Amino acid sequence: MSHNNALFARARHHIPGGVNSPVRAFGSVGGTPRFFARGEGAYVWDVDGQRYIDYVGSWGPLILGHAHPAVLEAVMRAARNGLSFGAPTAAEVDLADLLCERVPSMQQVRLVSSGTEATMSAIRLARGHTGRDKLVKFEGCYHGHADSLLVKAGSGLLTFGNPSSAGVPAAVAADTIVLPYNDVAALETVFHEQGDQIAAIIVEPIAGNMNLIQPSPAFITAMRTLTEAHGALLIYDEVMTGFRVGPQCAQGLHGVSPDLTCLGKVVGGGMPLAAFGGRADVMAKLAPLGPVYQAGTLSGNPVAVAAGIATLQEIDGPGFFENLEQQTANLVEGLRKEAAKQSVSFCTQSIGGMFGIYFSKAIPTGFAEVMTSDRDNFNLFFHAMLEQGIYLAPSAFEAGFVSACHGSAELETTFVAARRAFNQIQQKMQ
Ligand SMILES: *Cc1c(COP(=O)(O)O)cnc(C)c1O
C-alpha cells in the first residue's frame, strides 16, 4: 500500500473524513487525496515522493510559489522573537499601512486569522452600522462558513434562503436573501421591495468558488448604485481576488470603491491571516471605539504578519502582475488548443493569476450554467493529469491558480499531459 493510502486510512480514525477541510477529501473526483510532504516553487511532493506541478497553491495564497526564500526568511526572523504576544506589535501597524496604501477604499483595517472571520466580522459590522438585519448574497458565492453565509438559493426569486448546511438555524438563514449572480433585474426588485431592511450586499467581485465567473459591468454598477441609494453597505469579499487579480484587487480593475473589503489568502502568504477594512466612519463602530464587538487571541499574529508583509513586498516588483497574467493566459490558451485538437468541448478564461477551465461549450456566467458542465469529463481529466504529475483542484467548481514560479517549462509539461488527458476523453466519447 502506498504511504498516501495508508495515511488516509489512518487519518480517518481520528479526523472526520480524514481531512480538516472537506474538499481535500477528493469526494467529488473520487480516489485518495495526496498527502503532501514538501513544496518548492511551482512543485509539491507527496509522501510517496511523487512530484506534481501545483495549480492549487494552497487554494490561492501561494502567489510566489511554495517556500519562497524572502517569505521564509521573514517568518523565521519573526518566530525567533516569539510566536505571539496578544498585545500590539510594530509589524501589524506596517501591514495595516501597506494594505490601506494599496487599496484606496480601505481607510482602516483590522487583522484576523481566516477569511471566514473577516466576512463574519464585516457582516456584523454592516448590521451594527446600519441597524438592519438582512443580507444579500449570490448563488454560488462562498464567503466562508459563518451561519448567515451558508445559505443557497430557494426556489423563487424573492424566497428567503434555506440553509445549505445542517446546524444553521432557520431564523438566521431567513435574513439572508440569495440572488443569481449577474442578475441585475433580480437585484433591482429586491432593493425596490426591501431596500430599507438590507444591511449589505456581500459579493465575490470576481467569483472563484463556483469555478471562475466574471461579473458583467452592469452587475458591478447596479450593486454600487443600489446599495448607495438605499443606505446599505457594499462588501467586496476579496479573500480570493485580493492581490491575486491585480495590485489593487478586483475593485481596482472594476473602478469601484466598496464600503468594506475582506482580504485573506495572498495577504497571509500561506500563514493564517486575513483582514477586513473600509470606510473610516464604519470601522469606527468596532470595539473598542464603537458598539460592534470583534476580537481574536491570535489576531495580527507576528509570524503571520511577517509572511504577509514579505509577500506584499515581493508582488510590488516591476511587471509582477503583467508577467503573472501573461503566464496564466498562456496556460489556459495552451490547454484550450490541446482540447480543440481532440475535439473536446472545453473552454477557459483567466484573470490575473486565476483561471477557470470548463468542460462546456461556452464560458458560464452564473451558478446554473456552471452546474451544466460535464463533470464526468472533468473527473477523467483531473485523474489523468494527476497521474502525470499535474495537481489541479479536486473539483470542477473551483478556480485554479498560477504562481510567479510557473515558467514555460512547467507550462510545456502541463500541455503534454493535457494532450494525453484530452485524448482519453475523446476516446471515451467514441
Ligand atoms: C477562501 C475564501 C473564504 C474563506 O476563507 P478561509 O480562510 O477559508 O476561512 C471567504 N471568501 C472567499 C471569497 C474565499 O475564497
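Residues numbered from 1 in each chain as written. Predicted model: local features only at pLDDT ≥ 70, side-chain atom pairs only at ≥ 80, totals over all residues. Heavy atoms only, no water.

A few points about the overall build of the protein
Heads up, the rule is: Here a helix means four or more residues in a row that DSSP labels H or I, a strand means two or more in a row labelled E, and each is numbered from the N terminus. In this description the radius of gyration comes from C-alpha coordinates, and the expected globular size is given by 2.2 Å times residues to the power 0.38. The rule is simple: take the accessible area with a 1.4 Å probe, protein chains only, and divide by the maximum for that residue type; under 20% is buried, over 50% is exposed, in between is partly exposed.
Across its full length, the protein carries 14 helices and 16 strands. Computed over the C-alpha atoms, the radius of gyration of the protein is 21 Å, within 12% of the 22 Å expected from 2.2 N^0.38 for a compact globule of 430 residues. Overall size of the protein, expressed as C-alpha extent along the three principal axes, is 60 × 55 × 50 Å. In the protein, which comprises 430 residues, the proportion classed as buried is 54%.

Describing the site of the ligand
For the record, the criterion: By convention in this text, a residue qualifies as near a molecule or strand provided that one of its non-hydrogen atoms is within 4 Å of it. Residues adjacent in sequence count toward polar contacts only when both atoms are side-chain atoms; beyond that, a polar contact is any pair of N or O atoms within 3.5 Å, and within protein one must be able to donate a hydrogen and the other to accept it. Only the protein chains shown count as covering a residue, and every accessible area follows the Shrake-Rupley method with a 1.4 Å probe. Throughout, the ten residues Ala, Val, Leu, Ile, Met, Phe, Trp, Tyr, Cys and Pro are labelled nonpolar, Asp, Glu, Lys and Arg are labelled charged, and all others, Gly among them, are labelled polar.
Surveying the vicinity of the ligand reveals the residues Ser 114, Gly 115, Thr 116, Tyr 142, His 143, Gly 144, Glu 204, Asn 209, Asp 237, Val 239, Met 240 and Lys 265. Separating an oxygen atom of the ligand from a side-chain N or O atom of Asn 209 is a distance of 3.1 Å. Protein contact buries 82% of the 380 Å² of open area that the ligand shows by itself. When its residues are assigned to classes, the shell around the ligand shows 3 nonpolar, 6 polar and 3 charged.

What to know about the nonpolar core
The tendency in soluble globular proteins is for nonpolar side chains to be buried side by side. Heads up, the condition is: Residue types Ala, Val, Leu, Ile, Met, Phe, Trp, Tyr and Cys, when buried and joined through side-chain atoms within 4.5 Å, form a set referred to as a nonpolar core. Every residue pair with non-hydrogen atoms within 4.5 Å of one another is taken to be in contact.
One finds Leu 99, Val 136, Phe 138, Leu 187, Phe 243 and Phe 381 to be the most contacted residues of the largest nonpolar core, which totals 99 residues. With 9 residues, helix α10 (residues 302-315) is the largest single contributor of residues to this core. Setting aside anything within four residues of it in sequence, one finds Phe 138 in contact with Val 178, Leu 179, Pro 180, Tyr 181, Leu 187, Ile 201, Ile 202, Val 203, Phe 219 and Met 223. By size, the runner-up hydrophobic cluster in this structure holds 22 residues, among which are Ala 122, Leu 149, Leu 233 and Leu 286.

Considerations on the pattern of salt bridges
Rules: We count a salt bridge whenever a side-chain nitrogen from Lys or Arg sits within 4 Å of a carboxyl oxygen from Asp or Glu.
Scanning the model with the defined rule gives 11 salt bridges in all. Salt-bridge contacts for Glu 73 lead to Arg 77; the nearest nitrogen and oxygen are separated by 3.6 Å. One end of the pair is Glu 73 and the other is Arg 77, both in helix α2 (residues 69-80) and 4 residues apart, which spans about a single turn. According to the relative accessible area criterion, Arg 77 is partly exposed, its value standing at 48%. A salt bridge links Arg 224 to Glu 228, with the nearest nitrogen and oxygen atoms 3.7 Å apart.

Structural notes on the pairing of strand β13 (residues 347-351)
Threshold: Strand pairing follows a simple DSSP-based rule, namely that at least 2 bridges must link the two strands.
Of all 5 residues in β13, 4 are buried, a share of seventy percent or more. Taken together, the 5 bridges between β13 and strand β14 (residues 354-358) define a ladder with antiparallel strand orientation. Looking at β14, one finds that Cys 347 is bridged to Tyr 358. In textbook terms, the turn of a hairpin is the stretch between consecutive antiparallel strands, and for β13 and β14 this stretch comprises 2 residues, one of which, Gly 352, has a positive phi near 55 degrees.

Quick word on the side chain of Ser 403
Here Ser 403 is to be found in the loop between β16 (400-401) and α14 (408-429). A distance of 3.0 Å separates a polar side-chain atom of Ser 403 from the backbone nitrogen of Cys 405. Residues contacting Ser 403, with those up to four places away along its chain left out, are Leu 62, Ile 63, Leu 64, Gly 65 and Leu 324.

Brief notes about the UniProt feature "modified residue: N6-(pyridoxal phosphate)lysine" (unreviewed entry) in the protein
Keep this limit in mind: UniProt positions are given in the numbering used here, feature names are shortened, and annotations may be inferred rather than shown by experiment.
Residues given the UniProt feature "modified residue: N6-(pyridoxal phosphate)lysine" (unreviewed entry) here are Lys 265. Along the polypeptide, Lys 265 turns up in the loop between β11 (260-263) and β12 (274-278).

Observations concerning the confidence of the model for the protein
So the rule is basically this: A score between 0 and 100, pLDDT records how confident the predictor is in each residue.
For the protein, the average pLDDT comes to 95, and 97% of its residues sit at 70 or higher. Predicted confidence is poor over residues 153-160, with pLDDT under 50, and the contacts of this stretch with residues over four places away or in other chains come to 16 contacts.

Section: the sheet that holds β13
The condition is simple: An axis is simply a line fitted to the C-alpha atoms; with a helix, the fit covers only the stretch in contact. Between two such axes, the angle follows the N-to-C directions and lies from 0 to 180 degrees.
If you walk across this open sheet you meet the 3 strands as β13-β14-β16, and the pairing is antiparallel. At either margin of the open sheet sits one strand with a lone partner, and together these are β13 and β16. On top of the sheet, helix α11 (residues 320-341) reaches β13 and β14; it is set at about 180 degrees to β13, its chief contact.

Things to note about the packing of aromatic side chains
Note the following rule: For Phe, Tyr and Trp, rings pair up if their centres lie within 6.5 Å, where Trp contributes its six-membered ring, and each pair is then called stacked (planes under 30 degrees apart), edge-to-face (over 60) or tilted (otherwise).
Going through the model one piece at a time under the given rule, you end up with 19 aromatic pairs. Here the aromatic rings of Phe 138 and Tyr 181 are separated by 6.1 Å at their centres, their planes lie at 90 degrees, and the arrangement is edge-to-face. With Phe 138 in strand β5 (residues 134-138) and Tyr 181 in the loop between β8 (176-179) and α6 (184-194), the pair connects residues that are 43 residues apart, well separated along the chain. A relative accessible area of 5% means that Tyr 181 is categorised as buried.

A look at the environment of Leu 386
Tracing the backbone through its elements, the reader meets Leu 386 in helix α13 (residues 375-387). Judged by relative accessible area, Leu 386 falls into the buried class, the value being 2%. Expressed as a C-alpha distance, the spacing of Leu 386 and Asn 20, which sit 366 residues apart in the sequence, is 21 Å. Those residues in contact with Leu 386 that lie beyond four places of it in its chain are Phe 26, Arg 34, Tyr 52 and Tyr 391.

Concerning the sheet that holds strand β3 (residues 51-54)
Within a sheet, each strand pairs with its neighbour through backbone hydrogen bonds, oriented either parallel or antiparallel. Read across the sheet, 4 strands follow the order β1-β2-β3-β15 without closing on themselves; strand pairing throughout is mixed. Across the chains shown, the open sheet's two edge strands, defined by having one partner strand only, are β1 (36-40) and β15 (390-391). Sheet topology note: the β3/β15 ladder contains 2 bridges and is parallel. When the bridges of β15 are listed, Ile 53 appears paired with Ile 390.

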